[in-house]
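Examination of the molecular architecture
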Amino acid sequence: QVQLVESGGGLVQTGGSLRLSCAASGRTFSRYAMGWFRQAPGKEREFVAALQWISGATYYADSMKGRFTISRDNAKTTVYLQMNSLKPEDTAVYYCAAATAFTVLTSALRYDYWGQGTQVTVSS
């Protein structure tokens, strides 16, 4: 059973930065695709960024390109989301997800495992 635990959320001012972490356990993650999604109140879950663990390939939603960076630490089996130049519209609960895949995945429907989420609030 895969377990994902997010951390690193919080309150930050516009223009600030946060780094989210997703600690993964339960499998050999070289076969996994990892993703970050977010969900704001009253809105659907939205793709943020994805990574394929062994190749290191990454993919970003257009609105996050240049501001967010997804990365992984193999030794710690942890995936990170570095978020810079944060805006109030980035306020949401951020979720980490995992799926068995050798490519990046952008659809939430393709992911099998989800973390509990971490709240990010950007004040104006």
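Residues numbered from 1 in each chain as written. Predicted model: local features only at pLDDT ≥ 70, side-chain atom pairs only at ≥ 80, totals over all residues. Heavy atoms only, no water.

**Notes on the packing of aromatic side chains**
As a reminder of what qualifies: Stacked, edge-to-face and tilted are the three classes for Phe, Tyr and Trp ring pairs, Trp counted by its six-membered ring, which pair at centre distances within 6.5 Å; planes under 30 degrees apart are stacked, over 60 edge-to-face, the rest tilted. Note on conventions: DSSP H or I runs of at least 4 residues are helices, E runs of at least 2 residues are strands, and numbering of each starts at the N terminus. The buried label goes to any residue with under 20% of its type's maximum accessible area, the exposed label to any with over 50%, and the partly exposed label to all in between, with areas taken from a 1.4 Å probe on protein chains only. Whether a charge lies above a ring is judged from NZ of Lys or CZ of Arg, which has to be within 6 Å of the ring centre and within 35 degrees of the ring normal.
In total, this model carries five aromatic pairs according to the counting rule given. Taking the centre distance of 5.3 Å and the plane angle of 80° together, the rings of F37 and Y111 count as edge-to-face. Within this pair, whereas F37 is found in strand β4 (residues 32-39), its partner Y111 is found in the loop between β9 (92-100) and β10 (113-114), the two being separated by 74 residues in sequence. Taking the relative accessible area as the measure of exposure, F37 reaches 2% and is therefore buried. Residue classification places Y111 among the buried positions, given a relative accessible area of 5%. The structure contains a cluster of three or more aromatic residues connected by ring pairs, namely F37, F47, Y59, Y111 and W114. Lying across the ring of Y80, R19 places its NZ or CZ 4.1 Å from the centre.

**Some words on the pattern of salt bridges**
Condition: Salt bridges are counted wherever a side-chain nitrogen of Lys or Arg sits within 4 Å of a carboxyl oxygen of Asp or Glu.
The full count for this structure, using the stated rule, is four salt bridges. The partner of R67 in a salt bridge is D90, with the nearest N and O atoms 2.8 Å apart. Placement of the pair is R67 in the loop between β6 (58-60) and β7 (68-73) and D90 in the loop between β8 (78-83) and β9, with a sequence separation of 23 residues. Pair check on accessibility: R67 and D90 agree, each one buried. In the salt-bridge network here, residues are joined through shared partners; they are R38, E46, R67 and D90.

**Digging into the state of the cysteines**
A covalent bond between the sulfur atoms of two cysteines is referred to as a disulfide. Heads up, the condition is: Cysteine sulfur pairs qualify as disulfides if the two atoms are within 2.5 Å.
On inspection of all chains with the given rule, the structure shows one disulfide. Between the sulfur atoms of C22 and its disulfide partner C96 the distance amounts to 2.0 Å. Here C22 and C96 share a disulfide; its torsion about the S-S bond, -75°, makes the bridge left-handed. Highlighted residues: C22 in strand β3 (residues 18-25) and C96 in strand β9, separated in sequence by 74 residues.

**Details of the sheet that holds β7**
As a reminder, the rule being used: Note on pairing: DSSP must find at least two bridges between two strands before they are called paired. Between N-to-C directions, angles span 0 to 180 degrees; the directions come from axes that are lines fitted to C-alpha atoms, helices contributing only their stretch in contact.
Pairing within the open sheet is antiparallel, and its four strands lie in the order β1-β3-β8-β7. Where the open sheet ends on each side, the last strands, each with one partner, are β1 (3-7) and β7. Geometrically, the sheet is characterised by an average inter-axis angle of 15° between neighbouring strands, direction not taken into account. As paired elements, β7 and β8 share six bridges and run antiparallel to each other. Looking at β8, one finds that D73 is bridged to T78.

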